[in-house]
Amino acid sequence: AQSVTQLDSHVSVSEGTPVLLRCNYSSSYSPSLFWYVQHPNKGLQLLLKYTSAATLVKGINGFEAEFKKSETSFHLTKPSAHMSDAAEYFCVVREGTALIFGKGTTLSVSS
Amino acid sequence: EAGVVQSPRYKIIEKKQPVAFWCNPISGHNTLYWYRQNLGQGPELLIRYENEEAVDDSQLPKDRFSAERLKGVDSTLKIQPAELGDSAVYLCASSLVGASGRWAYEQYFGPGTRLTVT
């Protein structure tokens, strides 16, 4: 079975500083990986996805993630945090047509 | 384009009472998913439908949970009777999936129903 592990339950940054949310995956074959964001009282929104094409994936709102097979990692980054980025972020791996979610990382952004 | 619609958004019930959640997927999406999200956790799949057929319900607690997707469009998830541990957010998602799951487009999620069992 495939799984993902989000290494930080909570990350705090200042507005304008870089964001790094860490995710490691476990898969016996080349996985399909995703990052979703969940704002309070709103549905989950897809930020970006990796499906064995380019290892550096660009998503919405300035986020990107790099697939590193040697490190089994898929970390999410953004060069400069904005207040509106404060939310819950989930690293996700596809198993068949179902999605397996990590436990989430809460991103706090202070002014 | 309308997104995935869920109702109600919030529900508070006493334990042992029944409760039902409704989901209307994005038009044209053949696959519908119900997830449960416990506080501080990621969503976990309960059941997946391809059209009107439940193709994966291995995580659905069948003694108290039931679901249906009549006509392959909207779906209802029911709990009877509810227990305190059922308090969670119930999420519905839909996507377009090819035959035998050979390919799948992005899953779109609804806003969820927050259930509180007292």
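These remarks concern the structure in this document. (Residues numbered from 1 in each chain as written. Chains lettered and ligands numbered in written order. Predicted model: local features only at pLDDT ≥ 70, side-chain atom pairs only at ≥ 80, totals over all residues. Heavy atoms only, no water.)

Here we look at the sheet that holds strand β3 (residues 19-24) of chain B
Residue and element names in this part refer to chain B.
- Taken together, four strands build an open sheet; the order of strands is β1-β3-β8-β7 and the sheet is antiparallel. Either end of the sheet is taken by a strand with one partner, and the two such strands are β1 (5-7) and β7 (65-68). The average angle at which neighbouring strand axes cross in this sheet is 15°, direction not considered.
- The sheet contact formed by β3 and strand β8 (residues 75-79) spans five bridges and is antiparallel. In the sheet register, Val19 faces β8, and the bridge partner there is Ile79. (Pairing = 2+ DSSP bridges. Helix = DSSP H or I, 4+ residues; strand = E, 2+ residues; numbered from the N terminus. Axes fitted to C-alpha atoms, helices over the stretch in contact; angles between N-to-C directions.)

A few points about the interface of chain A and chain B
- Across the contact, 15 residues belong to chain A and 22 residues belong to chain B.
- Of the roughly 1,400 Å² buried at the junction of chain A and chain B (both faces included), carbon and sulfur atoms supply 51%.
- When the area that chain A buries against chain B is broken down by residue, the three leading residues are A:Asn41, A:Leu44 and A:Thr97, summing to 36%.
- Taken together, chain A and chain B are joined by zero salt bridges.
- Taken together, the links from chain A to chain B amount to two residue pairs in polar contact (both at pLDDT 80 or more).
- Of all elements in the fold, only β5 (33-38), β6 (44-50), β10 (87-95) and β11 (98-101) of chain A reach the threshold of two or more residues within the side of chain A that touches chain B.
- It is β11(A) that provides the largest number of residues to the side of chain A that touches chain B, a total of three residues. (Contact = heavy atoms within 4.5 Å. Buried area = accessible area lost by both parts, 1.4 Å probe. Salt bridge = Lys/Arg side-chain N within 4 Å of Asp/Glu carboxyl O. Polar contact = N/O pair within 3.5 Å; in protein donor to acceptor, adjacent residues only side chain to side chain.)

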